[in-house]
Amino acid sequence: MTITTLPVPPSDSAVDAWHTVVRAAHLHDLPGHVPAPGRVETEGKLRRSSVNGRTVHHAAVAADGSYDGVASVVLFTDENNLHTAFLDQLTVHPRARRRGVGSRLWAAVRDDLAADGRTSVSTVLELGGPGEEFASRHGFGNALPLAWYVQDLQEALAAHPVPPALPDGYAYAHWTGVVPDGLADAFAEAHNAMEDAPMGDVDSSVPKWDAARVRAAARVIEDRGGVILSSAVVHTADGADIVAAYTELVLRDPSDVRAMQYDTVVVPAHRGLRLGFAVKRHMMGVVATECPGVRETATTVADENGPMLAVNEQLGYRREREIAYFQAKL
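Note that the structure is predicted; figures quoted are calculated from it, not measured.

> Quick rundown of the pairing of strand β11 (residues 296-302)? Include the residues and the values.
Counted residue by residue, β11 has five buried out of seven residues, so it is predominantly covered. Relative to β11, strand β6 (residues 141-152) runs antiparallel, the two being bridged by seven bridges. For Trp-148, the partnering residue across the bridge sits in β11 and is Thr-300. In this sheet, β11 lies alongside strand β10 (residues 258-266) in parallel orientation, the contact comprising three bridges. Within β11, the position partnered with Met-260 by the bridge is Ala-298. Handedness of the crossover is the feature at issue here: the chain leaves β10, passes through helix α8 (residues 275-290), returns alongside β11, and the resulting connection is right-handed.

> Outline the packing of aromatic side chains, supporting the account with residue identities and numerical values.
Under the criterion given, the structure shown has four aromatic pairs. Seen from their ring centres, Trp-175 and Phe-187 are 5.1 Å apart, and the 85° between their planes marks the pair as edge-to-face. Taken as a pair, Trp-175 in strand β7 (residues 170-176) and Phe-187 in helix α6 (residues 181-191) lie far apart in primary sequence, twelve residues in all. On the accessibility criterion, Phe-187 (3% relative accessible area) is buried. An aromatic cluster is defined as three or more aromatic residues linked by ring pairs; in this entry it consists of Trp-175, Phe-187 and Tyr-246.

> Can you tell me about the side chain of Thr-264, naming the residues and giving the values?
For Thr-264, the position within the fold is in strand β10. Residue class for Thr-264 comes out buried when judged on its relative accessible area of 16%. A distance of 2.7 Å separates the side chain of Thr-264 from the side chain of Thr-247, its partner in a polar contact. In this view, Thr-264 contacts Tyr-246, Thr-247, Val-279, Lys-280 and Met-308; residues no more than four positions away in its chain are not counted.

> Can you lay out helix α9 (residues 306-314) for me, pointing to particular residues and giving the numbers?
Listed in full, the buried residues belonging to α9 are Met-308, Val-311 and Asn-312. One side of α9 holds all its buried residues, which, seen down the axis, span an arc of 95°. For α9, the secondary structure elements touched by its buried residues are β10, α8 and β11. Just past α9, the residue Gly-316 takes up positive phi, approximately 90°.

Rules used in this analysis
Residues numbered from 1 in each chain as written. Predicted model: local features only at pLDDT ≥ 70, side-chain atom pairs only at ≥ 80, totals over all residues. Heavy atoms only, no water. Buried < 20%, exposed > 50% of the residue type's maximum accessible area, 1.4 Å probe, protein only. Helix = DSSP H or I, 4+ residues; strand = E, 2+ residues; numbered from the N terminus. Pairing = 2+ DSSP bridges. Right-handed = clockwise from strand over helix to strand, strands pointing away. Phe/Tyr/Trp six-rings, centres within 6.5 Å; stacked < 30°, edge-to-face > 60°. Polar contact = N/O pair within 3.5 Å; in protein donor to acceptor, adjacent residues only side chain to side chain. Contact = heavy atoms within 4.5 Å. Arc of directions from axis to C-beta.

This is the structure we're talking about:
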């Protein structure tokens, strides 16, 4: 077995070998009702880094050319997070476990972190699974408990057949893909309201957003072969449109039956008006119309985020499985 760093873009055979590992591990480690990643998602992440940083991919290559394990680390590039990084994946094929493959991949990642001057790294893991055990042995600690929550879309629409009426001066808006130019600056400003989202002991900061960054983030999802939908509540005052609340939904593959809820944000000056509930309910109608194959929506919420947990409960989200941000100091 040798550890190799994948070129960008990788070959089709490398994508296939990588996807074989992540799919086999998913089917082995997670409940059967959790959809496995598709090849479109795997290829997209290998070919296109996120807007947050530069990604390095390593593979543990067996003698026959197949992969025994894979690892990806995102080296953040925004100025507030140059000290840290995110371990997006460290996965060993079930057939190759307990042979030191994970430790060798982790050593390669540590070399990346040291070479780039990083002093901490975080990752997200299933609680009680092989990843938590491995992380604990290598100095990671639980920094922020979370859970996956899943909503049956048709049940939720039946329970809430129409979006709630908005207060005077507020209106719904939605779009697919990149934000319209007229809302780009206001949308970026709303993203910056994520600064007060619960982060526990995770040693990273919410990046600063501007119009260019929100456009780039949407393009990354599209370049990876996915679809991004955005729903917003817009407040008009003094002739200017302000994004008072928004939520984003992503299909990592257009054929997905389970969509991923990304950020949901209500700007502080507009809280107390139930806009979080309103914008998420509005999104339910958008995805049902735009992506009729979607059956479920899944999202992660921190255990300490009481307001969002309450909104999700009203909209029929059920707790599926526990995860957490884990972090190691280097």
